[in-house]
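A structural walkthrough
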Amino acid sequence: QVQLVESGGGLVQAGGSLRLACGASGRSFNGYAIGWFRQAPGKDRKFVAAISWTGDTTFYADSVSGRFTISRDNTKNAVYLQMSSLNPADTAVYYCAADRDLTVLAVTNTPNYWGQGTPVTVPG
């Protein structure tokens, strides 16, 4: 069982930056690809970005490509989402998720493990 914990959410002005972190408790990320998803108020949860276990493969949603960067530090058992040029459309609860299959993260909304989410608010 992989327990995921997100941190770093908050209120940020439009055009600003924020870095989210995803950590694991109880078990390491060893062998797991990690993804970030977000759910805006009243909308379905959507894929944002994903990274392979080794970190050499990444995927991004078109809406964040060029503005967000996913990275990981396996020595710290952590995955990060650096978000830049934020705008009100980025307002959502951000979730990290884990699965041994990267394509499950990138293509479906059904990874094996989910965190509890961290809110990000970008006022209009």
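Provided above is the structure to which this section pertains.
So, a few notes on the structure that sits alongside this text. Everything quoted here is computed from the prediction, not taken from an experiment.

**Focus on the overall build of the chain**
For the chain, the count of helices and strands is one helix and eleven strands. In the chain, the succession of α and β elements from N to C terminus is β-β-β-β-β-β-β-β-β-α-β-β. Relative to the compact-globule value of 14 Å for 124 residues, the chain shows a C-alpha radius of gyration of 13 Å, a close match. In the chain, buried positions account for 43% of the 124 residues. Within the structure as shown, the chain displays about 6,100 Å² of accessible surface, and the carbon and sulfur contribution to it stands at 48%. Counting 10 positive and 8 negative side-chain charges, the chain places the averaged centre of each group 4 Å from the other.

**A few points about the packing of aromatic side chains**
Under the counting rule described, the total for this entry stands at four aromatic pairs. The interplanar angle of 90° and the centroid separation of 6.4 Å between the aromatic rings of Tyr-95 and Trp-114 together place this pair among those described as edge-to-face. With Tyr-95 in strand 9 (residues 92-99) and Trp-114 in strand 10 (residues 113-114), the pair connects residues that are 19 residues apart, well separated along the chain. Judged by relative accessible area, which is 23%, Trp-114 ranks as partly exposed. Put simply, the rings of Phe-37, Phe-47, Tyr-95 and Trp-114 touch in pairs and so form one group of aromatic residues. The ring centre of Tyr-80 lies 4.1 Å from the NZ or CZ of Arg-19, which sits over that ring. It is Arg-100 that lies over the ring of Tyr-32; its NZ or CZ is 4.2 Å from the centre.

**Points about the nonpolar core**
If you look at the biggest cluster of nonpolar residues, it comprises 35 residues, and the most contacted ones within it are Ile-34, Trp-36, Leu-81, Met-83 and Tyr-94. Those elements giving two or more residues to this core turn out to be strand 3 (18-25), strand 4 (33-39), strand 5 (45-51), strand 7 (68-73), strand 8 (78-83), strand 9 and helix 1 (102-107). If we skip the residues at most four places from it in the chain, Met-83 touches Gly-16, Ser-17, Leu-18, Leu-20, Arg-67, Phe-68, Tyr-94 and Val-120.

**Focus on the sheet that holds strand 8**
Across the sheet, four strands lie side by side as 1-3-8-7; this open sheet has antiparallel pairing. The open sheet has two free edges, formed respectively by strand 1 (3-7) and strand 7, since each of these has just one partner strand. Shown here is a sheet whose adjacent strand axes are inclined to one another by a mean of 20°, direction ignored. Sheet topology places strand 1 next to strand 3; five bridges connect them, and they run antiparallel. Bridge assignment links Val-5 to a residue of strand 3, and that residue is Gly-23.

Parameters at a glance
Residues numbered from 1 in each chain as written. Predicted model: local features only at pLDDT ≥ 70, side-chain atom pairs only at ≥ 80, totals over all residues. Heavy atoms only, no water. Helix = DSSP H or I, 4+ residues; strand = E, 2+ residues; numbered from the N terminus. Rg over C-alpha atoms; globule rule 2.2 N^0.38 Å. Buried < 20%, exposed > 50% of the residue type's maximum accessible area, 1.4 Å probe, protein only. Areas by Shrake-Rupley, 256 points an atom, 1.4 Å probe, with all protein chains shown as cover. Lys, Arg positive; Asp, Glu negative; His and termini not counted. Charge placed at Lys NZ, Arg CZ, Asp CG, Glu CD. Phe/Tyr/Trp six-rings, centres within 6.5 Å; stacked < 30°, edge-to-face > 60°. Lys NZ or Arg CZ within 6 Å of the ring centre and 35° of its normal. Core = buried A, V, L, I, M, F, W, Y, C linked by side-chain atoms within 4.5 Å. Contact = heavy atoms within 4.5 Å. Pairing = 2+ DSSP bridges. Axes fitted to C-alpha atoms, helices over the stretch in contact; angles between N-to-C directions.

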